[in-house]
Amino acid sequence: MGYGQAPHILIVGGGYVGMYTALRLQRKLDGDEATISVVEPNSYMTYQPFLPEAAAGNLEPRHVVVPLRKVLKGCRVISGHVVAVSHEQRTASVQPPLGETFDLKYDILVICPGSVARTLPIPGLAEQGIGFKSAAEAIYLRNQVISRLDAAASATDSAVRRRALTFLFIGGGYAGIEALAELEDMARDACSYYPDLEPADMRWVLVEATGRILPEVSPAMGLYTVKQLEHRGIQVKLNTRVESLLDGHVVLGDGERFEAGTVVWTAGVKPNPMLARTDLPLDDRGRLRATAFLQVDGVADAWTAGDCAAVPDLTKGEGATTAPSAQHAVRQARRLAGNLLAELRHEPIRPYEHSYAGSVASLGLHKGVAEVYGVRLRGWPAWLMHRTYHLSRVPTVNRKARVVADWTLALFFRREIVSLGSFADPRAEFRRVASPEPATAPERPAEAPDSRAAPAAPAAIGGSAAGSTAGEAAPTGSNPPVTPTPAAAAAEANSQAAQPRS
Ligand SMILES: Cc1cc2nc3c(=O)[nH]c(=O)nc-3n(C[C@H](O)[C@H](O)[C@H](O)COP(=O)(O)OP(=O)(O)OC[C@H]3O[C@@H](n4cnc5c(N)ncnc54)[C@H](O)[C@@H]3O)c2cc1C
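Residues numbered from 1 in each chain as written. Predicted model: local features only at pLDDT ≥ 70, side-chain atom pairs only at ≥ 80, totals over all residues. Heavy atoms only, no water.

## Quick word on helix 8 (residues 219–231)
In this model helix 8 runs 18 Å from its N-terminal to its C-terminal C-alpha over 13 residues, within 8% of the 18 Å that 1.5 Å per residue would give. Listed in full, the buried residues belonging to helix 8 are Met 221, Gly 222, Tyr 224, Thr 225, Val 226 and Leu 229. Looking at the buried positions of helix 8, the neighbouring elements they touch are helix 7 (174–190), strand 14 (235–237), strand 24 (368–372), strand 25 (375–378) and helix 10 (379–393). Note on helix 8: the residue one or two positions beyond its end, Gly 233, has a positive phi of about 90°. (Helix = DSSP H or I, 4+ residues; strand = E, 2+ residues; numbered from the N terminus. Expected span 1.5 Å × (residues − 1). Buried < 20%, exposed > 50% of the residue type's maximum accessible area, 1.4 Å probe, protein only. Contact = heavy atoms within 4.5 Å.)

Below, the structure is given as structure tokens:
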């Protein structure tokens, strides 16, 4: 291997693998040994295990992300998506947020764009559902749940109220269970501020296609978690499929039908589809073929790890690959950086090997489930372990301090119950007053030309969120009457669960 001058290392994706690899490389590389670029659409890395706590308001969302430009001072951070890679040409095509796609030359590729939600062709899912993988989705869901309580508390129609208070989660892995449990806990707590709402008025439903939840822990712990959730009034439907979600009207495989104002899809992940636009080898599940040394199989100067890669699991039998988890991603990043450095320095490289330590999951304040190295914990001790473990893992001292500060404040003050959904369309009110024929009533998403087709904004207090995209011309002079009709309110309830803009 000879690069002439200092080789240029290109890291695709600034998530777990990308950020930790870049951090380690910038720390260990000598002077002009190599240059590093990181291409990432967000300006930050998301610590995903803290998203449920951010959604529940236990943590400030900005504290669960790590600003890349702040921590990667020795790297060039480029905002954008890598849309294609020609490794033969050592060129990546980058789509920046503004302007034309451009080509980026490199010598060594580290490709780690992670995974995306694995969806199914269920009618209505794209229009009604939201995933749970990003800080934007966590913030949206917090606003959405609180705004549904606001809307339900003042609804005059019982069907509208019931729909607003029905929250459906699809998929029982740890992301789904933690999101559901934390949000329900937050909503239950918030109910005490609404004289007209009781926790029993809410309906929280988990639908899981297989016969168990939390496949990461033992069946006994999965069963314990089901019992815990059911004890809280959450309906857990195992071995059940969702057939349709059209207009928020839920049809389940067992024949049950109901209306839901919020639909959250957490039914697993699949490798990032951009991998198909590279000339690198993929397996039958669309993952990059990797060796145990974290090199792309049979390809020089290309490395990979994390959710997007089929990394052999040396602790298991032939053909096994490591599960998509933060636990592996962090350790693989460390090994990948070490091996890349070793290769640059013509030193031997080492295979990645780590036996899964277990899982910890938070189920709301002071509630949790954990199974670590075979030791099973429940309730408060598990919750404490969840917090201790993730505090030790969240990157940078700065983030750790902020997380501790959030938790400490929460010991003395209860959670905020304000929905700031209007953040998604802050110009709505200004558009209204600046329109040629100012109307007296606020815009309502129910009356947007096609509120279901438009990627919707979360509801604002008082129902003033608009379904139109920020930057569009305002729909002027067509504001509906202030008094909501049941049909309009139902349509508004419909429009709330669509995907936010990020
Ligand atoms: C809610 C939630 C809770 C979780 N909790 C746990 C837990 O408790 N324990 C655990 O072990 N795991 C947990 N996980 C899983 C864990 O977060 C992932 O396995 C881990 O993030 C994978 O790391 P990665 O680097 O492969 O992908 P990511 O961390 O997702 O990083 C991929 C990065 O690539 C970027 N990207 C995407 N497309 C492109 C592109 N075209 N060009 C450039 N960049 C791109 C993305 O923006 C992202 O920043 C959780 C996941 C979620 C969603």
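## A few points about the packing of aromatic side chains
Summed over all chains, the structure comprises 6 aromatic pairs. Ring centres 5.8 Å apart and planes at 85° place the aromatic pair Phe 50 and Trp 407 in the edge-to-face group. In this pair, Phe 50 is assigned in the loop between strand 3 (44–46) and helix 2 (51–55) and Trp 407 in helix 11 (residues 397–412), connecting sequence segments 357 residues apart. As far as the burial class goes, Phe 50 and Trp 407 line up, both buried. Consider the rings of Phe 169 and Trp 204, whose centres lie 6.0 Å apart with planes at 25°: the pair is stacked. (Phe/Tyr/Trp six-rings, centres within 6.5 Å; stacked < 30°, edge-to-face > 60°.)

## Re unusual backbone geometry
Look at Asp 247: it is not a glycine, yet its phi comes out positive at around 55°. Residue classification places Asp 247 among the partly exposed residues on the basis of a relative accessible area of 35%. With a phi close to 70°, Thr 396 is a non-glycine residue in the positive phi region. Mapped onto the fold, Thr 396 is located in the loop between helix 10 and helix 11. Overall, the relative accessible area of 27% leaves Thr 396 in the partly exposed class.

## A look at the sheet that holds strand 6 (residues 81–86)
Spatially, 6-7-8 is the arrangement adopted by the 3 strands of the open sheet, whose pairing is antiparallel. At either margin of the open sheet sits one strand with a lone partner, and together these are strand 6 and strand 8 (102–105). Within the sheet, the average angular offset between the axes of one strand and its neighbour, ignoring direction, is 30°. Bridge count for strand 6 against strand 7 (residues 91–95) is 5 bridges, and the pairing is antiparallel. What sits directly across from His 81, in strand 7, is Gln 95. (Pairing = 2+ DSSP bridges. Axes fitted to C-alpha atoms, helices over the stretch in contact; angles between N-to-C directions.)

## Description of a nonpolar patch on the surface
Taken together, the side chains of Leu 409, Leu 411, Phe 412 and Phe 413 present a nonpolar region at the surface, about 520 Å² in accessible area. Relative to the helices and strands, Leu 409 resides in helix 11. (Patch = residues over 30% accessible without salt bridge, like charges linked within 9 Å, V, L, I, M, F, W, Y side chains within 5 Å. Areas by Shrake-Rupley, 256 points an atom, 1.4 Å probe, with all protein chains shown as cover. Salt bridge = Lys/Arg side-chain N within 4 Å of Asp/Glu carboxyl O.)

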